[in-house]
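If you want the building blocks of each chain, they are given just below.
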Amino acid sequence: MFTQLNKSSALVIGAMFLLPACSAVDNLMGTFEKFAELERAINAELSVDSKVSGNWSNGAFTNVNVIIPANEISEKNVDELTSTIQPLVVQMFESEPETLYVTLSVTTSQKSKK
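Residues numbered from 1 in each chain as written. Predicted model: local features only at pLDDT ≥ 70, side-chain atom pairs only at ≥ 80, totals over all residues. Heavy atoms only, no water.

**Here's the deal with the overall build of the protein chain**
What counts is decided by this rule: In DSSP terms, a helix is any run of H or I states spanning at least four residues, a strand is any run of E spanning at least two, and both are numbered starting from the N terminus. Buried residues are those whose accessible area, probed at 1.4 Å on protein chains only, stays under 20% of the maximum for their type, while exposed residues exceed 50% and partly exposed ones sit between those limits. Between two residues, a contact is recorded if the distance between any of their heavy atoms is within 4.5 Å. Residue exposure ignores everything except the shown protein chains as possible cover, and the areas themselves are Shrake-Rupley values with a 1.4 Å probe.
Helices and strands together make up the secondary structure of the protein chain, namely two helices and three strands. In the protein chain, the order of α-helices and β-strands from amino to carboxyl end is α-β-β-α-β. Within the protein chain, the fraction of its 114 residues that count as buried is 21%. Residue pairs in contact within the protein chain that sit at least 24 positions apart in sequence constitute 54% of those at least 6 positions apart. As displayed, the protein chain offers around 8500 Å² of accessible surface, 56% of which is attributable to carbon and sulfur atoms.

Here's what the structure looks like:
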């Protein structure tokens, strides 16, 4: 009887540890889907292809990174970009991150001339 109780206790304790982990994986997958949705929303608003990523720390939404090709938004200034992107982030995640990074990327690809 003592060994059956230990086995049962071990199973219950193991399940207690696994269930929150499953929830964390679901939350993480949901976050990746929201990043993709945010990319589509930014594309709809600004007509640019952006890349979105972010970080969570101890359950707090710490930052969102939005990377936009500089050559595609040359007519917009930083205030216009942030005033467009920030409400989309809050709407998508239902909370505001501690920091929103809006980064302009510049590609410097040089094709060889032969």
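**Comments concerning the nonpolar core**
To keep things clear, this is the line we draw: Put simply, a nonpolar core is a bunch of buried Ala, Val, Leu, Ile, Met, Phe, Trp, Tyr and Cys residues held in one set by side-chain atoms that sit within 4.5 Å of each other.
Ranked by size, the top nonpolar core spans 18 residues in total, and within it Leu 38, Ile 42 and Ile 68 carry the most contacts. Those elements giving two or more residues to this core turn out to be α1 (2–46), β2 (60–69) and α2 (78–93). With six residues, the top contributor of residues to this core is α2. Beyond its immediate sequence surroundings of up to four residues, Leu 38 is in contact with Val 52, Val 64, Leu 88, Val 89, Met 92 and Phe 93.

**Some details on α2**
Selection criterion: An expected span of 1.5 Å times one less than the residue number is assigned to each helix. Arc definition: directions from the helix axis to the C-beta atoms.
Its 16 residues give α2 an end-to-end C-alpha distance of 22 Å, which sits within 8% of 22 Å, the value for a rise of 1.5 Å per residue. Inspection of α2 places Leu 81, Ile 85, Leu 88, Val 89, Met 92 and Phe 93 among the buried residues, and these make up the whole buried set. Seen from one end, α2 has its buried residues packed into an arc of 110°, which puts them on one side. In α2, the exposed positions that point more than 90 degrees away from the buried face belong to Asp 79 and Gln 91. The positive-phi residue at the C-terminal boundary of α2 is Glu 94, with phi of around 60°.

**Observations concerning the packing of aromatic side chains**
Formally: Each pair of aromatic rings taken from Phe, Tyr and Trp, with Trp reduced to its six-membered ring, is defined by centres within 6.5 Å and is described as stacked if the planes are under 30 degrees apart, edge-to-face if over 60, and tilted in the remaining cases.
All told, the structure shown has two aromatic pairs when counted by the stated rule. The rings of Phe 32, Phe 35 and Phe 93 are connected pair by pair, giving a single aromatic cluster.

**Digging into the pairing of strand β3 (residues 99–105)**
What counts is decided by this rule: Any two strands are treated as partners once DSSP identifies two or more bridges connecting them. Crossover handedness is defined by viewing with both strands directed away from the observer: a clockwise path from the first strand over the helix to the second marks the crossover as right-handed.
Across seven bridges, the pairing between β2 and β3 is parallel. Residue pairing across strands places Ile 67 opposite Thr 103, the latter belonging to β3. Note that the unit made of β2, α2 and β3 has a crossover that is right-handed.

**What to know about unusual backbone geometry**
We note that Ser 47 has phi near 60°; this positive angle belongs to a residue other than glycine. Positionally, Ser 47 belongs in the loop between α1 and β1 (51–57).

**Concerning the side chain of Ser 50**
Position of Ser 50 among the secondary structure elements: in the loop between α1 and β1. Those residues in contact with Ser 50, other than ones at most four positions away along the chain, are Glu 39, Ile 42, Val 66, Ile 67 and Ile 68.

This is a description of form; function is not addressed.
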